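Overview (structure and organization)
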Amino acid sequence: MLKLNNFRTGILLHIVAFFITSPSIAQDKDSVLFVNTRFETKEIAPGVVWKRHQFNQKDLFGTNQSINILEVKPGKRNRFYVGFEEKELKTLTEFAERSGATAGINGTFFSFKGGSLDYIRSAGKTISKNILSAKGERDIKHQRAAVVIRKGKISIQKWDGSEDWEQGLKGEDVMVSGPLLFYQGKQEPLDSSKFVLNRHPRTAIVYTQDKRVLLITVDGRNENSAGMSLFELSKIMKWLNVKDGINLDGGGSTTFWLKGQFENGVVNYPTDNKKWDHNGERKVANAILLYTRKR
């Protein structure tokens, strides 16, 4: 065995401590864990696969996390639409069952009095316009990007700075939301607000480099799942091979619904009833819905 003097021993210990505590090393640990995790998978329809996993032992970002992902291969059989109510609020379950959807997630931000705070178009008709600030400015969090659906296929677009930008987007259905986290393979800048930094339940959509659409929910506000900051959500997107990625409304609104699953179709753990079950849906104003055909 080699014997080291005290100076050498001290240097060696500092080096070891650096690699143990370095944020980059911690990030690598998280990425390796996530990429190598075997999610439970189930085919919902041709080209539609549901993936879910419960990270325990506080092993992802130093926390427990519950994640659901619906992986959709675009095509004539699998088509997306925007579900909405102009004045009322309904649960995602009501939106999905009423319209005969196969799957759905909650959509963009809304008023508890009813109606969306952001621009929504459905079947070519403008349903709601952006609610601007007193100075006539867009909300930096959720009015500078959009989910665009054209012929049932989803794309994610970035605000070009013009006043009537969303009106020129080519799609039958459009939902303005945000923040935009990735665009054209590049990560978008985020501010240091509590909305960004604090951990919350999150809902998101990713368009991958290999042209798949991912609907994602991350549960939160519970010891079983802490939720994520938007920086952590961005890392998840990167590990999922993101090209474009957008955050939607989260918190108590975060809900993931799949036809025929569990008792009521809700497969994540919504928080409005403050219980770790599938019954805590919050009523919302809009949703992203998926319809599938067997043939």
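Report on the accompanying structure. (Residues numbered from 1 in each chain as written. Predicted model: local features only at pLDDT ≥ 70, side-chain atom pairs only at ≥ 80, totals over all residues. Heavy atoms only, no water.)

Description of the sheet that holds strand E8 (residues 145–150)
Ordered in space as E7-E6-E10-E8-E9, the five strands form an open sheet in which the pairing is antiparallel. The sheet is open, and its two edges are formed by strand E7 (125–128) and strand E9 (153–158), each paired on a single side. For this sheet the average axis-to-axis angle between neighbouring strands, irrespective of direction, equals 25°. In the sheet, strand E6 (residues 120–122) pairs with strand E10 (residues 173–177) via two bridges, with the strands oriented antiparallel. When the sheet's bridge partners are listed, Arg-121 is paired in E10 with Val-174. (Pairing = 2+ DSSP bridges. Helix = DSSP H or I, 4+ residues; strand = E, 2+ residues; numbered from the N terminus. Axes fitted to C-alpha atoms, helices over the stretch in contact; angles between N-to-C directions.)

A few points about helix H3 (residues 92–99)
Since the α-helix turns once every 3.6 residues, residues separated by three or four places project in the same direction. All of the buried residues along H3 are Leu-92, Thr-93, Phe-95 and Ala-96. Summarising the axial view, the buried residues of H3 lie within an arc of 165°, below the 170-degree limit, and thus occupy one face. Against the buried residues of H3 lie strand E4 (78–84), strand E5 (103–106), strand E16 (256–258) and strand E17 (286–292). Looking one or two places after H3, you find Gly-100, whose phi comes out positive at around 75°. (Buried < 20%, exposed > 50% of the residue type's maximum accessible area, 1.4 Å probe, protein only. Arc of directions from axis to C-beta. Contact = heavy atoms within 4.5 Å.)

A closer look at unusual backbone geometry
Note on backbone geometry: most residues besides glycine have negative phi, and most peptide bonds are trans. For the bond running from Gly-178 to Pro-179, omega is 5°, close enough to zero to count as cis. Checked against the element boundaries, Pro-179 lands in the loop between E10 and strand E11 (180–183).

Quick notes on the environment of Ser-225
Looking at the element boundaries, Ser-225 is found in the loop between strand E14 (213–218) and helix H5 (230–239). As a C-alpha pair, Ser-225 and Gln-65 span 160 residues in sequence and 4.1 Å in three-dimensional space. Residue contacts for Ser-225: discarding those within four places in its chain leaves Asn-64, Gln-65, Ser-66, Asp-219, Gly-220 and Trp-276. Side-chain polar atoms of Ser-225 contact the backbone nitrogen of Ser-66, separated by 2.8 Å. (Polar contact = N/O pair within 3.5 Å; in protein donor to acceptor, adjacent residues only side chain to side chain.)

Quick notes on the sheet that holds E16
Taken in spatial order, the four strands of this open sheet run E4-E17-E5-E16, and their pairing is antiparallel. Of all the strands in the sheet, the pair left with one neighbour each is E4 and E16. Looking at each pair of strands side by side, their axes are set apart by 20° on average, direction ignored. Sheet topology places E5 next to E17; four bridges connect them, and they run antiparallel. In the strand pairing of E17, Ala-103 is matched with Leu-290.

Focus: the nonpolar core
Residues Leu-70, Phe-80, Ile-205 and Ile-288 are the most contacted members of the largest nonpolar core, which totals 29 residues. Examining the composition of this core, we find that three residues originate from one element, E8, more than from any other. Apart from the residues lying within four places of it in its own chain, the contact partners of Leu-70 are Ile-44, Val-48, Val-49, Trp-50, Ala-103, Val-213, Leu-214, Leu-215, Phe-256, Leu-258 and Leu-290. Of all hydrophobic cores here, the second largest spans 24 residues; its members include Phe-182, Leu-190, Val-196 and Leu-240. (Core = buried A, V, L, I, M, F, W, Y, C linked by side-chain atoms within 4.5 Å.)

Interpretation in functional terms is not warranted from these geometric data alone.
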